[in-house]
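Survey of secondary and tertiary structure
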Amino acid sequence: MRWRQVKELTFDERMELMYSKGMRFYEDEPVYRSTLDDIDIEFVAKYCEKIGYGKTPEEYIRQNKDYIVSVAGRQEMSGAAIMMFGKDPQRFFPRSRVRFIRYEGTEAKVGAEMNVIKDKMFQGRILDLVEQTIEYVRTQIKEHTYLGPDARFVTEPEYPEFAWKEIIVNAIAHRDYSIKGTDIQIKMFDDHITVESPGTLPGTVRLKYA
């Protein structure tokens with residue numbers, strides 16, 4: 001007869017399990033002690049202008065996507081509202097950042113052999129993270145120039161822009177923000193680049209290697 005050890009989960013562990021199973025969406029949950037004052041209304045106004053929203057920015061927040069959540073008689077902002085429109089998202093989500101690390105060589109080394117030559121952190125709202133990260137990574141990608149078959153010089157980037165941009169956007173957009181212990185990390189080596197985003201593959205998605 002086999003005995004199985006049963007562990008009683010804490011409240012946070014139960015919530016994380018529910019999120020990982022798709023039962024809840026962390027970004028829809030209220031952010032404790034947040035209010036409408038934590039939202040950058042001027043930024044919301046610019047966003048509304050871009051998408052053609054005709055009402056006031058405050059009406060956009062109040063009437064769309066459950067950005068305001070009622071809790072025990074008080075109103076708090078949802079995680080999505082803070083991360084998209086907050087004045088200081090990292091106040092509530094300290095690890096909602098992107099860290100870029102450039103290594104010299106083809107592998108990461110530590111201790112006396114540490115080979116980090118650039119280490120830069122990006123923070124702000126989600127749209128800020130996307131724009132700042134893409135702009136910086138673009139400056140770090142090498143370009144190769146050679147003489148083409150038609151006797152004209154051709155310049156090609158080290159990595160196709162559409163590929164690395166999509167990876168970065170997906171990493172930020174689909175990060176599991178319920179995981180609070182680490183940042184999104186972009187690691188660039190001499191021969192490859194990796195992007196690590198906290199979280200697991202959603203639903204029935206599985207890794208498959210060719």
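What follows concerns the pattern of salt bridges. Under the definition given, this model contains twelve salt bridges. The salt bridge involving R125 is made with D40; its shortest N-O contact spans 3.4 Å. Placement of the pair is R125 in the loop between β4 (116-122) and α6 (126-140) and D40 in the loop between α1 (11-20) and α2 (41-51), with a sequence separation of 85 residues. Given the relative accessible area of 11%, R125 is considered buried. In this structure, the salt-bridge partner of R62 is E58, at a minimum N-O distance of 3.1 Å. In this pair, R62 and E58 both sit in helix α3 (residues 57-63), four residues apart, roughly one turn of the helix. In the salt-bridge network here, residues are joined through shared partners; they are D40, R125 and D128.

With that settled, consider α2. Since one α-helical turn is 3.6 residues long, residues separated by three or four positions face the same way. Inspection of α2 places F43, V44 and C48 among the buried residues, and these make up the whole buried set. Along the axis of α2, the buried residues cluster in a sector spanning 140 degrees; they form a single face. Set apart from the buried face of α2 by more than 90 degrees, the exposed residues are E42, K46, E49 and K50. Packing partners of the buried residues in α2 comprise α3, α4 (79-85) and α6. Put simply, D40 is the residue that caps the front of α2, since its side-chain oxygen is 3.2 Å from the backbone nitrogen of E42. Following α2 by one or two positions, G52 has its phi on the positive side, about 75 degrees.

Attention shifts here to the sheet that holds β4. Read across the open sheet, the four strands follow the order β4-β3-β7-β8; overall the sheet is mixed. Single-partner strands in this sheet number two, and they are β4 and β8 (193-196). Averaged over neighbouring strand pairs, the angle between their axes works out to 10 degrees when direction is ignored. Pairing of strand β7 (residues 184-188) with β8 involves four bridges; the strand directions are antiparallel. Bridge assignment links I186 to a residue of β8, and that residue is V195. Against the sheet, helix α7 (residues 161-173) makes contact with β3 (98-103), β7 and β8, and its axis sits at roughly 155 degrees relative to β7, the strand it touches most.

Calculation criteria
Residues numbered from 1 in each chain as written. Predicted model: local features only at pLDDT ≥ 70, side-chain atom pairs only at ≥ 80, totals over all residues. Heavy atoms only, no water. Salt bridge = Lys/Arg side-chain N within 4 Å of Asp/Glu carboxyl O. Helix = DSSP H or I, 4+ residues; strand = E, 2+ residues; numbered from the N terminus. Buried < 20%, exposed > 50% of the residue type's maximum accessible area, 1.4 Å probe, protein only. Arc of directions from axis to C-beta. Contact = heavy atoms within 4.5 Å. Polar contact = N/O pair within 3.5 Å; in protein donor to acceptor, adjacent residues only side chain to side chain. Pairing = 2+ DSSP bridges. Axes fitted to C-alpha atoms, helices over the stretch in contact; angles between N-to-C directions.

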